[in-house]
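An overview of the molecular structure
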Amino acid sequence: MIFTTNMTVIRNNIKSISLLFIFLFSSSLHAELQLSISKSANDGIPIYIANIAATIPGGHNGIIEADLKRSGRFTIVDRAKIPNLAPFGGTLNASAYQGIADYIVRGKDDGNGGLSIELTSTSDNAKTNYQISANSNSRRPAHKAADQIYQKITQEKGAFDTRLAYVTVINNASSNRLFKLFVSDADGHNEQEIMSSREPITSPTWSPNGTELAYTSFELNRSGIYIQNIFSGAKRLISGRKGSNNAPSWSPDGSKLAVSLSFDGNPEIYTINVRSGALKRITNSSAIDTEPTWNGTNSIIFTSNRGGKPQLYRVSGSGGSAQRLTFGGKYNSAADVANKKMTFITGNRGAFHVAIKSLGGGSGRDMLSNGRMDETPTLAPNGTMVAYTTLRGGQNTLAVVSDNGKSKQFLRSALGDIRYPAWSPYLHR
Amino acid sequence: MKTAMRMTMKTVKTKRIILPIILSTLALGACSQTQNEPGVNASSKDGGKTTVNAGSKNGTVGKGGASNVTSNSTKGNYLPSNNANSNVSDGSDLTLAGLKDPNNLLSQRVIYFDYNQSSIRPEYMVLINTHAKLAAKFPQLKMRLEGHADERGSREYNVALSEQRAVSVRRIMGTQGARSQQIRTIGYGEEIPVVQGHNKKSWQKNRRVEIKYDNY
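Quick look at the packing of helix α3 (residues 59-70) of chain A against helix α4 (residues 140-154) of chain A
Helix packing for two helices is described by the angle between their axes and how far apart those axes are. Residue and element names in this part refer to chain A. It is the contact of α3 with α4, at a shortest axis distance of 8 Å, that shows an interaxial angle of 45 degrees. One element, α3, and the other, α4, form an angle in the oblique class. Where α3 crosses over α4, the two elements pack in a sense that is right-handed. Contact residues: α3 offers H60, I63, I64, D67 and L68, while α4 offers A142, H143, A145, A146, I149 and Y150. Across the contact of α3 with α4, the residue classes break down as 8 nonpolar, 2 polar and 1 charged.

Concerning the interface of chain A and chain B
Across the boundary between the two partners, chain A contributes 42 residues, which contact 34 residues of chain B. Across the chain A-chain B interface, the total number found is 2 salt bridges. In this assembly, chain A and chain B are joined by 17 residue pairs in polar contact (both at pLDDT 80 or more). At the level of secondary structure, the elements contributing two or more residues to the side of chain A that touches chain B comprise β10 (201-206), β14 (245-250), β18 (289-294), β22 (332-338), β26 (375-379) and β30 (417-423) of chain A. Across the side of chain A that touches chain B, the residue classes tally to 14 nonpolar, 19 polar and 9 charged.

Some remarks on the packing of aromatic side chains
Residues and elements named next belong to chain A. Taken as a whole, this structure holds 10 aromatic pairs over all chains when the rule is applied. Ring geometry for Y150 and F160: centres 5.5 Å apart, planes at 90 degrees, overall edge-to-face. Residue Y150 is found in helix α4, and its partner F160 is found in the loop between α4 and β7 (163-170); the two are separated by 10 residues along the sequence. A residue is classified by how much of its surface remains accessible, and Y150, at 0% relative accessible area, is buried. An aromatic cluster of at least three residues, connected via ring pairs, comprises F74, Y150 and F160. Taking the ring centre of Y426 as reference, the NZ or CZ of K157 above it sits at 4.0 Å.

Regarding the side chain of T202(A)
In this fold, T202(A) is placed in strand β10. Polar contacts involving the side chain of T202(A) include one to the side chain of S203(A), which spans 3.3 Å. In this structure, T202(A) is in contact with Y215(A), T216(A), F218(A), N246(A), Y420(A) and E191(B), ignoring residues within four places of it in sequence.

Topic: the environment of F263(A)
All names here are of chain A. Within the secondary structure, F263 is located in the loop between β15 (256-261) and β16 (268-273). Looking at F263, the relative accessible area reads 29%, which means it is partly exposed. Separated by 20 residues in sequence, F263 and G243 place their C-alpha atoms 4.9 Å apart. Apart from residues no more than four positions distant in its own chain, F263 is found in contact with R241, K242, Y270 and L279.

Focus on the nonpolar core
In this structure, I47(A), I64(A), L68(A), I117(A), I149(A) and W423(A) are the most contacted members of the largest nonpolar core, which totals 37 residues. Ranked by residues supplied to this core, first place goes to α4(A) with 6 residues. There are two domains that each give this core at least three residues, and those are domain 1 (43-154) and domain 2 (163-423) of chain A. Look past the residues within four positions of I47(A) in its chain and what remains in contact with it is L68(A), F74(A), T75(A), I76(A), V77(A), A101(A), Y103(A), V105(A), I149(A) and I153(A). Core analysis: the next-biggest nonpolar cluster, separate from the first, contains 30 residues, Y112(B), Y124(B), V169(B) and Y213(B) among them.

A look at the packing of helix α6 (residues 125-137) of chain B against helix α7 (residues 155-175) of chain B
All names here are of chain B. One way to put it is that α6 packs onto α7 with a least axis distance of 8 Å and a crossing angle of 60 degrees. Taken together, the axis directions place α6 and α7 in an arrangement best described as oblique. Taken as a pair, α6 and α7 cross one another with a handedness that is right-handed. Contacts between α6 and α7 involve M125, I128, N129, H131 and A132 on the former and, on the latter, V169, I172 and M173. Counted by class, the contact of α6 with α7 contains 6 nonpolar, 2 polar and no charged residues.

Digging into the sheet that holds β10(A)
Sheets are built from strands paired through backbone hydrogen bonds, the pairs being either parallel or antiparallel. Residue and element names in this part refer to chain A. Taken together, 4 strands build an open sheet; the order of strands is β10-β11-β12-β13 and the sheet is antiparallel. Edge positions in the sheet fall to β10 and β13 (235-239), since each has one partner strand and no second. Pairwise comparison of adjacent strand axes, ignoring direction, gives a mean angle of 25 degrees for this sheet. Both strand β11 (residues 212-217) and strand β12 (residues 224-229) contribute to a ladder of 6 bridges, which runs antiparallel.

Thresholds applied
- Residues numbered from 1 in each chain as written.
- Chains lettered and ligands numbered in written order.
- Predicted model: local features only at pLDDT ≥ 70, side-chain atom pairs only at ≥ 80, totals over all residues.
- Heavy atoms only, no water.
- Axes fitted to C-alpha atoms, helices over the stretch in contact; angles between N-to-C directions.
- Helix = DSSP H or I, 4+ residues; strand = E, 2+ residues; numbered from the N terminus.
- Parallel < 35°, antiparallel > 145°, perpendicular 65-115°, else oblique.
- Left-handed = near helix turned anticlockwise from the far one by under 90°.
- Contact = heavy atoms within 4.5 Å.
- Nonpolar A, V, L, I, M, F, W, Y, C, P; charged D, E, K, R; others polar.
- Salt bridge = Lys/Arg side-chain N within 4 Å of Asp/Glu carboxyl O.
- Polar contact = N/O pair within 3.5 Å; in protein donor to acceptor, adjacent residues only side chain to side chain.
- Phe/Tyr/Trp six-rings, centres within 6.5 Å; stacked < 30°, edge-to-face > 60°.
- Buried < 20%, exposed > 50% of the residue type's maximum accessible area, 1.4 Å probe, protein only.
- Lys NZ or Arg CZ within 6 Å of the ring centre and 35° of its normal.
- Core = buried A, V, L, I, M, F, W, Y, C linked by side-chain atoms within 4.5 Å.
- Domains from an automatic or database assignment.
- Pairing = 2+ DSSP bridges.

Here it is in structure tokens:
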């Protein structure tokens, strides 16, 4: 009965694909990661978000506030500081609140899940209005609103309406382990299971259009690199060569995966054309070469121990000689690049922390984490936030930190250990 | 202080004398390894370009090799039990039944490694050679070498490291007559720990290669 109703809805709706997605994974639709906020910027741009009546828990305003906070660039003004603010559509003399907030956001739910948002600057009373259409994911309009607000104020594109892919391990302490690949909203809501296996699943990476994931799976008792559509579930093997098929990273133009393959006896970086399967060798050393990540469309950064210890190197996307990028410390690895910033893991007196550095020049780096076993950092597409995993209470937990280090949140799974977060590109649907 | 120092030196010296004897039958194999045994012959390869100096990596020449085990309270867990006598079998006395005998060296199927190393600790040579000779004697016998890493360092690098550990074991087995088609290698990285702790003792147990015979 329920099935029939859903089918009717799907037939009647143009957005059938996204609805089908929800329908397919409806059993886990309400699962979400548990958030705890470690710190927020107290010297950020003060912004006041008025209550926006909505049927979703926490309201649209709660989602917008949490998003802006996560960027480390905003400080949310306590709602009690501006009592009796005129509702959306009513007269607002914003300059009266200049000492309290730099910006005031008012909004209205159109009743069908769409949003009208008004951003007002208290310095000049200038107003900007946004109309955001409804989405099958009822939280996305608020994320889109946060992206608009963020872009208007900071002049850089917002990355709140994005997703995370990650692996969760259930029963990690027993031989009854179960590995699950999930996709969720970037704030940990709407967790959706993509695939499940008794054998390890590792290294998810997003296609630039946000519709497919490539990952390594040991499901056939050997490693293989697969590509799976997150909406249809359709899946294909990209590389099942002898030895390891590991660490895929999708090129920004969508045409290739950079991978680490060891079929010739030693792990080397290759690119694989995702359509033709054509293989091209990029590195040639007797050392471990792995963890490739794209730095633009024709440059690859990877980890190699060719100098004796793991360090980061850069090589042209067509091969050739590699140039060493990291010199400080005995262990630098697992790079990810977005918007001319690079995040990576750096070893420090037996602990492993997340660092970030500019690729635009300068040799400085900033430490973003202080855990013992921090792993697999991944940058939001605008380069302003980093997700990684850290040990908390004996469990691998997802952490999201702003690139300025001022905001940090933890997302814990009730199911078990979280590994291998991968931040999606900007979403197109 | 001085006494302790002298004792350590003595241990190292003793091992250095014994090692060449143990290793003499497989000197060629050991030399062709990607990385050398700590405390045995820590040299550079590739004309100095790729320097793999196991000893200086964690300051454990001797410590990272054999003597670490003797000074460690967890000794028994990582040493093949009848390693003390270095009589490497010539294979003639090896039987498939030995695989099922808990008192036979063949029942020991785990080789442990130093941190961030894929070189074989000298004390595992006898164990590896014994399995290799069994494989050489029974060509239909097939095995998987499953490499693992501890949780330290990055995950994908650890997959490669753990695969290299398995490859190191296979290489030595090859020098003893095991055929390449008998041995498959796989690196699992840090994905499948045997113990969950976040301490040195747990890490040591997780840095391993497991020998898994297809039908035994």
